[in-house]
Amino acid sequence: MPCDLMLIAYDGSEHAKRAIDYAGRFLTAERAVVLTAWEPMVRQAARISGITGMVQPEWVPDEELEDIAYTTAREINTEGVHLAGLSGMNAEARTHEFAGSVWHAIVEVADELDVDIIVAGTRGATGLRALVHSSVADAVLKHCHRPVFLVPPVQQAATREDGRDQQPAP
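Definitions and cut-offs
Each chain has its residues counted from 1, running along the sequence as written. Reporting of local features is limited, given that this is a predicted model, to residues whose pLDDT is at least 70; pairs of side-chain atoms are given and counted only at 80 or more, and all residues count toward the totals for whole chains, interfaces and linings. Working from all heavy atoms in the structure, the side-chain values ignore hydrogens and water. Under the DSSP-based scheme used, a helix requires at least four consecutive residues in state H or I and a strand at least two consecutive residues in state E, with every element numbered from the N terminus. Burial here depends on accessible area, computed with a 1.4 Å probe over protein chains only, as a share of the maximum for the residue type. Under 20% is buried, over 50% is exposed, and the range in between is partly exposed. Any two residues whose heavy atoms approach within 4.5 Å at even a single point are treated as in contact. For the accessible areas, the method is Shrake-Rupley and the probe is 1.4 Å, while residue cover comes only from the protein chains on display. The method works on a 1 Å grid over the protein atoms by themselves. A cavity is a set of points holding a 1.4 Å probe that cannot get out, a pocket is an open set with protein on both sides within 12 Å along at least five of seven lines, and residues with an atom within 4 Å of a point line them. Grid points are joined across faces, edges and corners, and a volume is the space filled by probe spheres set on the points. Only Asp, Glu, Lys and Arg are considered charged in this grouping, and only Ala, Val, Leu, Ile, Met, Phe, Trp, Tyr, Cys and Pro are considered nonpolar; every other residue, Gly among them, is considered polar. Definition of nonpolar core: a set of buried residues of the types Ala, Val, Leu, Ile, Met, Phe, Trp, Tyr and Cys, connected through side-chain atoms within 4.5 Å. The term salt bridge refers to a pairing of a side-chain nitrogen on Lys or Arg with a carboxyl oxygen on Asp or Glu at a separation within 4 Å. Two strands are counted as paired when DSSP detects at least two bridges linking them. For helices, the axis comes from a line fit to the C-alpha atoms of the stretch in contact; other axes are also lines fit to C-alpha atoms, and the angle between any two N-to-C directions lies between 0 and 180 degrees. Working rule for angles: under 35 degrees goes down as roughly parallel, over 145 as roughly antiparallel, 65 to 115 as roughly perpendicular, anything else as oblique. Definitions for this section: a left-handed crossing has its near helix turned counterclockwise from the far helix by less than a right angle. A right-handed crossing has that turn clockwise.

With respect to the overall build of the protein chain
Link 1 in the chain: Regarding its fold elements, the protein chain presents 6 helices and 7 strands.
Link 2 in the chain: Considering the protein chain as a whole, with its 170 residues, one finds that 28% of them fall into the buried category.
Link 3 in the chain: In the protein chain, of all internal contacts separated by at least 6 residues, the share reaching a separation of at least 24 is 77%.
Link 4 in the chain: Per element, the accessible surface of the protein chain, about 10,900 Å² overall, is 54% carbon and sulfur.

This is the structure:
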């Protein structure tokens, strides 16, 4: 069933690239907005120094220079729009500065644009790793009140004791 507007969360990872590929194969939309959320370097530095307990000297960014985090976000977003176009989508670029969390930025833009569906890739973390590192995709799913199309990572073949690859269960 086609929709009017799709939001694709894109961070340049292999998981995000896979999500674009699958969205192009299985979903139809009049428009697709490729979203890359970014955080200014000054906030990243403050957050990291707070985590490490180190005192961060006051950093005043040069107003004449563009924030490297924004420049990088635009480059990543351009790549995402290109990939969406190759997947047959009518895609447009969108970057969004966030202050809290990436998942909140995705939900906020989805609400602002009133999208029909959100597309995102997942890392597929399980066990302790999933408990320690919360998933952006899981948080979007829990906090957004619209359909979400999540694309899991490629399942890796397990290696047997004799060193040969073991095929994953169907």
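Considering the layout of surface pockets
Link 1 in the chain: Approximately 600 Å³ is the volume attributed to the largest pocket.
Link 2 in the chain: Where the lining of the largest pocket is concerned, the elements lending two or more residues are helix 1 (14-26), strand 2 (29-38), helix 3 (68-86), helix 4 (102-113), strand 4 (117-121) and helix 6 (136-143).
Link 3 in the chain: Among the residues forming the lining of the largest pocket, the class breakdown is 16 nonpolar, 10 polar and 2 charged.

Description of unusual backbone geometry
Link 1 in the chain: Positioned with a positive phi, Asp114 is a non-glycine residue whose angle comes to about 55 degrees.
Link 2 in the chain: Its place among the elements puts Asp114 in the loop between helix 4 and strand 4.

Considering the nonpolar core
Link 1 in the chain: In terms of nonpolar packing, the biggest core is built from 16 residues, with Met6, Ile8, Ile20, Met89 and Val119 touching the most fellow members.
Link 2 in the chain: The residues touching Ile20, leaving out its near neighbours within four places in the chain, are Ile8, Tyr10, Gly80, Leu83, Ala84, Ser87 and Met89.
Link 3 in the chain: Counting 14 residues, the second-largest nonpolar core is a separate cluster that includes Leu7, Val33, Ile106 and Ala110.

Overview of the pattern of salt bridges
Link 1 in the chain: Enumeration over the complete set of coordinates arrives at 7 salt bridges.
Link 2 in the chain: For Glu14, the salt bridge identified is with Lys17, shortest N-O distance 3.4 Å. One end of the pair, Glu14, and the other, Lys17, are both in helix 1, 3 residues apart, so they sit about a helical turn from each other.
Link 3 in the chain: In this structure, Lys17 and Glu79 form a salt bridge, with 3.8 Å as the shortest nitrogen-oxygen distance. A residue pair is termed long-range when its members are at least 10 positions apart, and Lys17 in helix 1 and Glu79 in helix 3 qualify at 62 residues.
Link 4 in the chain: A relative accessible area of 32% places Glu79 in the partly exposed class.
Link 5 in the chain: Within this structure, Glu14, Lys17 and Glu79 form a network of salt bridges that share partners.

Remarks on the sheet that holds strand 1 (residues 3-9)
Note on sheets: strands pair through backbone hydrogen bonds, and any given pair is parallel or antiparallel.
Link 1 in the chain: With parallel pairing, the 5 strands of this open sheet are ordered in space as 3-2-1-4-5. With partners counted over all chains shown, the strands left at the sheet margins are strand 3 (91-97) and strand 5 (148-151), one partner each. For this sheet, the mean inter-axis angle between neighbouring strands, taken without regard to orientation, is 25 degrees.
Link 2 in the chain: Relative to strand 2, strand 1 runs parallel, the two sharing 6 bridges. Within strand 2, the residue paired with Cys3 across the bridge is Ala29.
Link 3 in the chain: Relative to strand 5, helix 1 is tilted by about 120 degrees, and along the sheet it contacts strand 1, strand 4 and strand 5.
Link 4 in the chain: Strand contacts of helix 6: strand 4 and strand 5, with the helix running at about 160 degrees to strand 5, the strand carrying the most contacts.

Considerations on the packing of helix 4 against helix 6
Link 1 in the chain: Where helix 4 meets helix 6, the closest approach of the two axes is 8 Å, and the angle between their N-to-C directions is 45 degrees. When the axes of helix 4 and helix 6 are compared, the pair comes out oblique. Between helix 4 and helix 6 the crossing geometry is right-handed. Facing Val102, Trp103, Ile106 and Val107 of helix 4, the residues of helix 6 in contact are Val136, Ala139, Val140 and His143.
Link 2 in the chain: Of the residues in the contact of helix 4 with helix 6, the class split is 7 nonpolar, 1 polar and no charged.

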